[in-house]
Amino acid sequence: MLPVSVPTPESAALETEVLLVQRLRDRDEGAMTIFYDKYSAALYGVILRIVKKEEIAEDVLQEAMVKIWHSFPSYDADKGRLFTWVMNVCRNLAIDKIRSRQYRVGSRTQPIEESAALRQAAEPAFRPEHIGLQEMTRQLNPEQRQIVDLLYFGGFTQSEVAEELSLPLGTVKTRARAAIKVLSKLIR
Amino acid sequence: MNIQEYIESGILEEYALGVLSEVERAEVERIARQHPEVDRELQNVVRALDAYAEAHAVTPPADLRERVLQGWQQAIRETTPAATPPANGTSTTPPPMMASAAAPAAGATPDGAVVRQLPAQESNGGRTRWLIAASVALLMLSALGNFMLYNRLKETEANLEVAQTEQSRYAATQKAALNERDQQLRVLRNEAFRAVELKGTPKAPQALARVYYNPQTKAVYVDVRNLPAPPAGKQYQLWALDNGKPVDAGVLAAATTAGDSIQQMKDIASAQAFAMTVEDEGGVASPTLSTMTVIGNL
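Attention here is on the structure that accompanies the text. (Residues numbered from 1 in each chain as written. Chains lettered and ligands numbered in written order. Predicted model: local features only at pLDDT ≥ 70, side-chain atom pairs only at ≥ 80, totals over all residues. Heavy atoms only, no water.)

Let's talk about the overall build of chain A
Okay, so step 1: For chain A, the count of helices and strands is 10 helices and zero strands.
Okay, so step 2: Expressed as a percentage of the 188 residues in chain A, the buried residues total 53%.
Okay, so step 3: Taking the contacts inside chain A whose residues are at least 6 apart along the sequence as the reference set, 67% of them involve residues at least 24 apart.
Okay, so step 4: Of the roughly 8200 Å² that chain A leaves accessible, carbon and sulfur atoms contribute 51%. (Helix = DSSP H or I, 4+ residues; strand = E, 2+ residues; numbered from the N terminus. Buried < 20%, exposed > 50% of the residue type's maximum accessible area, 1.4 Å probe, protein only. Contact = heavy atoms within 4.5 Å. Areas by Shrake-Rupley, 256 points an atom, 1.4 Å probe, with all protein chains shown as cover.)

Re the pairing of strand β8 (residues 294-297) of chain B
Residues and elements named next belong to chain B.
Okay, so step 1: Judged by which residues are buried, β8 turns out to be one-sided: V294 and G296 face inward and are buried, whereas I295 and N297, on the alternate face, are not.
Okay, so step 2: Judged from the two bridges that link them, strand β1 (residues 194-200) and β8 form a sheet pairing that is antiparallel. Residue pairing for β8: G200 is matched across the bridge by V294.
Okay, so step 3: Two strands pair when backbone bridges link them, and strand β7 (residues 273-280) and β8 are joined in this way by four bridges, in the antiparallel orientation. In the strand pairing of β8, F274 is matched with G296. (Pairing = 2+ DSSP bridges.)

What to know about helix α8 (residues 142-152) of chain A
Three or four residues apart is the spacing at which side chains of an α-helix point the same way, because the helix has 3.6 residues per turn.
All names here are of chain A.
Okay, so step 1: Within α8, eight of the 11 residues are buried, leaving the element largely enclosed by the surrounding structure.
Okay, so step 2: Taken together, the buried positions of α8 are occupied by Q144, R145, I147, V148, D149, L150, L151 and Y152.
Okay, so step 3: Capping the start of α8, N141 holds a side-chain oxygen 3.0 Å from the backbone nitrogen of E143, two or three residues further along. (Polar contact = N/O pair within 3.5 Å; in protein donor to acceptor, adjacent residues only side chain to side chain.)

Quick word on the packing of helix α3 (residues 54-71) of chain A against helix α4 (residues 82-100) of chain A
All names here are of chain A.
Okay, so step 1: Packing of α3 against α4 leaves a shortest axis separation of 9 Å and a crossing angle of 130 degrees. Relative to α4, α3 is oriented oblique. For the pair α3 and α4, the crossing hand works out as right-handed. When α3 is examined against α4, the residues I56, V60, E63, A64, K67, I68 and S71 are found in contact with a partner set consisting of W85, V86, V89, C90, L93, A94 and K97. (Axes fitted to C-alpha atoms, helices over the stretch in contact; angles between N-to-C directions. Parallel < 35°, antiparallel > 145°, perpendicular 65-115°, else oblique. Left-handed = near helix turned anticlockwise from the far one by under 90°.)

Some words on the environment of B:A249
Residue and element names in this part refer to chain B.
Okay, so step 1: Mapping A249 onto the fold places it in strand β5 (residues 245-251).
Okay, so step 2: Separated by 27 residues in the primary sequence, A249 and M276 have C-alpha atoms spaced 9.5 Å apart.
Okay, so step 3: Ignoring anything within four residues of it in the chain, the contact list for A249 reads L238, W239, M265, K266 and I268.

Notes on the pattern of salt bridges
Okay, so step 1: Within this structure, the stated rule accounts for 19 salt bridges over all chains.
Okay, so step 2: Its salt-bridge partner being B:R77, residue A:E29 comes within 2.8 Å of it at the nearest N-O pair. With A:E29 in the loop between α1 (7-25) and α2 (30-51) and B:R77 in helix α5 (residues 62-78), the pair connects residues from two separate chains.
Okay, so step 3: Two residues, B:R30 and B:E27, come together in a salt bridge whose shortest N-O distance is 2.9 Å. Highlighted residues: B:R30 and B:E27, both in helix α3 (residues 22-34), separated by three residues, approximately one helical turn.
Okay, so step 4: What you see here is one network of salt bridges that share partners, running through A:R49, A:R145 and A:D149. (Salt bridge = Lys/Arg side-chain N within 4 Å of Asp/Glu carboxyl O.)

And the structure:
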């Protein structure tokens, strides 16, 4: 399904993922421990980046695990990687959380550099081609980064970002697209 | 359709960012299935954002692992399969759902909002429900435990009362018995008392009894060693023989006859010998000589 750029580690990772998916599909509770060990750092990091408070991040991570377990039968491996799916579940729950806590728009658009999550050292993730946050942010210009963060971590639509930043929708789309192009080049 | 234009429209990025509605999302997936170029580009975009997410990885505190895994297990235990959100179409694709609740303007589906809210509510509500259920169960257990302990306490108190009553009754009995023995002992040890062996007549050769007689105080005690059991309705009667004339010294109680205790008899003014006969219960005025069982001289 995926274009394999780094054949050996990538296919190995895929194989592990296929096994994990199979165990989760079989309702094997022990698989959730493996799941946690494999994905918790990535999921927790993103959740923390969104909710900004550790105790809330913990709650969201647990809620996400419950949701992932219950909605697992609806996960379709043909449509994408397990990582993408679970990351979206976590992102959605975290975004719901900050909205349910009636975070004001102003607080959502506060400078990214102030977030607690950013100051924490990013741990090496499970993918061999993993690229650190520092390198990624060096490659993105601030405008691109702001838009990606609002879209990805803020749960904003492109129209909302346009309104928020007082930019034409076309500009937002162009920047988002450019930013993602930079990111995808980095991982190739 | 112009594939290149489609790819450059920005819709694939929106797909990966999860800002598309369910319908738009399905459309992107349909087109990607038809056009390998679109599919390849879509995967690139998705992987780019995955990598961006991964770059933010923060290893959670070590103690969080246990808490989260335990909390998860508890949550899935308390959620019965019926309460599990059904695996419906909308939940197969989380990203479009996020657009719905918070951004109604972006063509959101109300369904998405519901599906998305469910797990959080279920988890929180479930936890609360579980806590309430656990509290009620604990309270009931505690009440039951108290009730059982109370019953046991009452039972114990009742038993103790019975035991104390029995103990005091036993003590009283023992005290009386001890007094009696003391008195008997005084009799036996008193020099003034003279022991008279009453031996069995040919009628009952094995019979044996002893009389203690105090000529000064006139007191008479009888101590049976061995006497045949008297026939029903009969009793042994002790006689003092004073100058050959029988004088009634009283009848023997059943316990005395059995040899269980020494019995004080009627005072006798003067005697040279004692004998026992078997008489009707309550005793008679003059002895039936044919039933004489034991006899002995002073």
